[in-house]
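# Structural description and commentary
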Amino acid sequence: MRLKNKTAVITGGARGLGEAMAKLFAAEGAYVYACDMGDPANAYQNVENYKLNVTDVEACKKFFDYAAGKSKKIDILVNNAGITRDAMTRKMTDEFWDLVIDVNLKGVFNLTRHIGPHMEEAGGGSIINISSVVGEYGNIGQVNYAASKSGVIGMSKTWAKEFARKGVPVRCNAIAPGYIMTDILKTVPQELLDKFAAQTMLGRLGQPDEIAKAALFLASDDASYVTGTVLSVNGGMRL
Ligand SMILES: NC(=O)c1ccc[n+]([C@@H]2O[C@H](COP(=O)([O-])OP(=O)(O)OC[C@H]3O[C@@H](n4cnc5c(N)ncnc54)[C@H](O)[C@@H]3O)[C@@H](O)[C@H]2O)c1
């Protein structure tokens, strides 16, 4: 029970990596708000599903007021909601560019602008931003996604400094997953997935619970001296 009596907010918590984190965090004793614009695939004890589009500035403030009012202290925030809209640079549309930046970058800011200062005032907390191997190394056909996921690393390092500057233990870290089997890979052709698997030292793609376990470490007191870092969980891959 490494998260006993903790409250966690996980965006994109209805499916994929977010669902795996919500399930594991709740099993470890946390009360979890799984915020997602989509419907949850499954229900779990101590996981409260909350309909939220992270690009909606007003709705994010409303959710923060609700969760902070109900739970008093939010201890963990995982900014996980994210999307892809891939195209080569010369074919990248403004619509694809704006949408990915709005969800993956501004969406991370929209909740943290409330929950970061809240943690600072409440005496501590752990913020985890989900970046990507693509944010670390770039990738062909993903200039919008790479920009957003590299940006998330800069935001994490900034918040690690900003929210701890008064000596309050608010930690902020990023996780950079490699290729993990979720719906987000549905549009990636199998031959490309096989290529990515072969590019890892472990010779396979990852599973959602392997990211959830890394997030649990960063969320818990086991990581009490870990902040401002990027944890790569990618089977030993370099794109
Ligand atoms: N799966 C991978 O291979 C992989 C690799 C690196 C990084 N990531 C990142 O991990 C995160 C989770 O990805 P996943 O693989 O679980 O994807 P997924 O598509 O399975 O799940 C994403 C979830 O986010 C939700 N979501 C999307 N836009 C939203 C919005 N505007 N507001 C609220 N919720 C929204 C979706 O409804 C969905 O439930 C993303 O940020 C993604 O970029 C995934």
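Refer to the structure printed above.
In what follows, the accompanying structure is described. These figures come from a predicted structure and were not determined experimentally.

Quick look at the overall build of the protein chain now. The number of helices and strands found in the protein chain is 7 helices and 7 strands. Element order for the protein chain, N to C, with α for helix and β for strand: β-α-β-β-α-β-α-β-α-α-β-α-α-β. Taken against the 2.2 N^0.38 rule, which gives 18 Å for 239 residues, the C-alpha radius of gyration of the protein chain at 17 Å falls within 12% of a compact globule. The principal-axis extents of the C-alpha atoms in the protein chain amount to approximately 50 × 35 × 35 Å. Across the 239 residues in the protein chain, those meeting the buried criterion constitute 44%. Within the protein chain, residue pairs in contact and separated by at least 24 positions form 69% of the contacts whose partners lie at least 6 positions apart.

What follows is about the site of the ligand. Near the ligand there are 29 residues, and of these G12, G16, G38, G82 and T182 occur at the shortest range. Looking at the shell around the ligand, the elements that each hand over two or more residues are α1 (16-27) and α3 (94-122). Top element by residues in the shell around the ligand is α1. It accounts for 3 residues.

The subject of this paragraph is the environment of Y44. Tracing the backbone shows Y44 in the loop between β2 (31-36) and β3 (47-51). Using a count of 17 C-beta atoms within 10 Å as the deciding quantity, one classes Y44 as partly exposed. For the pair Y44 and A26, spaced 18 residues apart in sequence, the C-alpha to C-alpha distance is 7.9 Å. Apart from the residues within four sequence positions on either side, Y44 is in contact with A22, K23 and A26.

Residues A8, V9, M21, F25, V32 and A215 are the most contacted members of the largest nonpolar core, which totals 63 residues. Residues in contact with A215, not counting those within four places in the same chain, are M21, V78, I128 and I175.

Let us look at the sheet that holds strand β4 (residues 76-79). Strand order in the open sheet formed by 7 strands is β3-β2-β1-β4-β5-β6-β7, with parallel pairing between adjacent strands. Only two strands of the sheet have a single partner each, and these edge strands are β3 and β7 (230-233). Each adjacent strand pair in this sheet contributes to an overall mean axis angle of 20°, direction not counted. One ladder, built from 4 bridges, connects strand β6 (residues 170-177) with β7; its direction is parallel. The residue of β7 that forms the bridge with I175 is L231. Most of the contacts of α1 go to β2, to which it runs at about 165°, and overall it touches β1 (7-11), β2, β3, β4 and β5 (125-130).

Let's shift gears to helix α5 (residues 143-162). Taking 1.5 Å of rise per residue, the 20 residues of α5 would be expected to cover 28 Å, and the 28 Å separating its terminal C-alpha atoms lies within 8% of that figure. Those residues of α5 lying buried are N144, Y145, A146, S148, K149, V152, M155, S156, W159 and A160. Against the buried residues of α5 lie α3, β5, α4 (133-137) and β6.

Interhelical geometry of helix α2 (residues 57-71) versus α3 gives an angle of 30° and a closest axis separation of 8 Å. In terms of their interaxial angle, α2 and α3 are classed as roughly parallel. Remark: the crossing between α2 and α3 carries right-handed chirality. Of the residues in α3, those touching α2 at V57, C60, K61, F64 and A68 are N110, L111, H114, I115 and H118. Residues that form the contact of α2 with α3 fall into these classes: 6 nonpolar, 3 polar and 1 charged.

Basis of the calculations
- Residues numbered from 1 in each chain as written.
- Predicted model: local features only at pLDDT ≥ 70, side-chain atom pairs only at ≥ 80, totals over all residues.
- Helix = DSSP H or I, 4+ residues; strand = E, 2+ residues; numbered from the N terminus.
- Rg over C-alpha atoms; globule rule 2.2 N^0.38 Å.
- Buried ≥ 20, exposed ≤ 12 C-beta atoms within 10 Å, placed from the backbone.
- Contact = placed C-beta atoms within 7 Å.
- Near = placed C-beta within 6 Å.
- Core = buried A, V, L, I, M, F, W, Y, C linked by C-beta atoms within 7 Å.
- Pairing = 2+ DSSP bridges.
- Axes fitted to C-alpha atoms, helices over the stretch in contact; angles between N-to-C directions.
- Expected span 1.5 Å × (residues − 1).
- Parallel < 35°, antiparallel > 145°, perpendicular 65-115°, else oblique.
- Left-handed = near helix turned anticlockwise from the far one by under 90°.
- Nonpolar A, V, L, I, M, F, W, Y, C, P; charged D, E, K, R; others polar.

Note that all results are geometric; they support no functional claim without further evidence.
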